[in-house]
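Residue strings, one per chain:
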Amino acid sequence: MKSVLEKSYDININDSSEIIKFYEENKLYFDHYDKITDIEGIEDTILIKQKYCEAIERKNHFKDAAFVLEHIFVLLDKLKGNSEEYEYYYERALFYDGVILGRQKKYKESNARFKRLIVIDPKNENYQDWVDTNIERIINKKLDIFYYIIPAIWGFILVTKDKYVGKFHLIIETFLFVIMIGIYVYQHYIQKIIREKRRKRTNR
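We now turn to the structure provided with this report. Since we're looking at a predicted model, the values are computed, not measured.

Details of the overall build of the chain
Point 1. For the chain, the count of helices and strands is ten helices and zero strands.
Point 2. Along the chain, helices and strands appear, N-terminal first, in the series α-α-α-α-α-α-α-α-α-α.
Point 3. Classification of the 204 residues of the chain by burial places 40% in the buried group.
Point 4. Pairs at least 24 residues apart make up 62% of the contacts formed inside the chain by residues separated by at least 6 positions.

Encoded structure:
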């Protein structure tokens, strides 16, 4: 009778639906990944888990994919120094870790992964694109809060101007308007810089 890993040789692990079906049919086995000790078994298990992780990431199952990645990194620790496949599997796992963190809007954590990937492969334009996009999103996330705060302050001033700010309300309103315009222009300036960087990388 074939083992689970032997059965995996008979499926197309690049077919998302096939790998998801196989993994979930044998979930009990893969959930006990920590019991696997032989190097070849660890390599095969990492490969299947990575393909499963990639498949469910495409289905936007980000929490489940992140959970599987935790397993993969545990297995990679066992593989380190014992397999020629370690570097490849590690880079792939680190990439999907960065992708999933980005999908979950954890942009700083995602960028930490992609910066490590750029050290591994400085010429990889996809890694650099992710870093730039994450930086743009981090900036936007910080600035977007002003689009809620400033209108709230503006509304408060309009309602209470006679009581609190008096004749200064026009100055304050103008100041708030200038800030809003400044934030909008700055966000578009950042987007323009990042798009220009991408364009230059593409045209090299």
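Alright, that's what it looks like, and here's the rest.
Looking at the side chain of S8
Point 1. Within the fold, S8 resides in helix α1 (residues 4-8).
Point 2. Filtering out sequence-adjacent residues up to four positions away, S8 remains in contact with I13, F22 and I48.

Some details on the pattern of salt bridges
Oppositely charged side chains may form a pair once their charged atoms are brought near each other.
Point 1. Per the stated rule, a full pass over the model turns up four salt bridges.
Point 2. Here E54 and R92 are joined by a salt bridge, their closest N and O atoms 3.2 Å apart. Here E54, found in helix α4 (residues 39-58), pairs with R92, found in helix α6 (residues 86-103); they are 38 residues apart in sequence, far enough to count as distant.
Point 3. For D97, the salt bridge goes to R113, with nearest N and O atoms at 3.0 Å. On the criterion of sequence distance, the pair formed by D97 in helix α6 and R113 in helix α7 (residues 107-120) is long-range, its members being 16 residues apart.
Point 4. With a relative accessible area of 15%, D97 lands in the buried category.
Point 5. Taking relative accessible area as the criterion, R113 reaches 22% and is therefore assigned partly exposed.

A closer look at the packing of α4 against α6
Point 1. Here α4 crosses α6 at 25 degrees, and the two axes come no closer than 11 Å. With respect to α6, the axis of α4 lies roughly parallel. As α4 runs across α6, the sense of the crossing is left-handed. Where α4 abuts α6, its residues E43, I46, L47, Q50, C53, E54, E57 and R58 lie against Y89, R92, A93, Y96, V99, I100 and R103.

Some thoughts on unusual backbone geometry
Point 1. One non-glycine residue, N60, lies in the positive phi region at around 65 degrees.
Point 2. With respect to the helices and strands, N60 occurs in the loop between α4 and α5 (62-79).
Point 3. Residue K105 is not a glycine yet carries a positive backbone phi of 65 degrees.

Topic: the environment of R58
Point 1. Looking at the secondary structure, you find R58 in helix α4.
Point 2. Overall, R58 belongs to the partly exposed group, its relative accessible area being 48%.
Point 3. C-alpha separation for the pair R58 and S16, spaced 42 residues apart in sequence, amounts to 8.7 Å.
Point 4. Every residue in contact with R58, bar those within four places of it in the chain, is listed here: S16 and Y96.

Quick word on the packing of α5 against α6
Point 1. The N-to-C vectors of α5 and α6 enclose an angle of 155 degrees; their axes lie 10 Å apart at closest approach. For the element pair α5 / α6, the angle class is roughly antiparallel. In this structure, the crossing between α5 and α6 has a hand that is left-handed. Contacts from F62, A65, A66, L69, I72, F73, L76 and L79 of α5 reach α6 at Y86, Y89, Y90, A93, L94, Y96, D97, I100 and R103.
Point 2. For the contact of α5 with α6, the class distribution of residues is 15 nonpolar, no polar and two charged.

Conventions and cut-offs
- Residue positions are given per chain, counting from 1 as you read along its sequence in written order.
- Confidence filtering applies because this is a predicted model: local features only for residues at pLDDT of at least 70, side-chain atom pairs given and counted only at 80 or more, and all residues used for totals across whole chains, interfaces and linings.
- With hydrogens and water excluded, all non-hydrogen atoms of the structure serve as input to the side-chain values.
- In this description a helix means any DSSP run of H or I spanning at least four residues, a strand means any run of E spanning at least two, and both kinds are numbered starting from the N terminus.
- Buried means the residue's accessible area, taken with a 1.4 Å probe over protein chains only, is under 20% of the maximum for its type, while exposed means over 50%, and partly exposed covers the values in between.
- Throughout, a contact is declared for two residues whenever any of their heavy atoms are within 4.5 Å.
- Within this document, salt bridges are pairs made up of a side-chain nitrogen of Lys or Arg and a carboxyl oxygen of Asp or Glu, the two lying within 4 Å of each other.
- Note on definitions: angles span 0 to 180 degrees between N-to-C directions of axes, and those axes are lines fitted to C-alpha atoms, for helices only across the stretch in contact.
- An angle below 35 degrees is read as roughly parallel, one above 145 as roughly antiparallel, one from 65 to 115 as roughly perpendicular, and any other as oblique.
- By convention, the crossing between two helices is left-handed when the near helix turns anticlockwise from the far helix through less than a right angle, and right-handed when the turn is clockwise.
- Just so you know the grouping, Ala, Val, Leu, Ile, Met, Phe, Trp, Tyr, Cys and Pro go in nonpolar, Asp, Glu, Lys and Arg go in charged, and all remaining residues, Gly too, go in polar.

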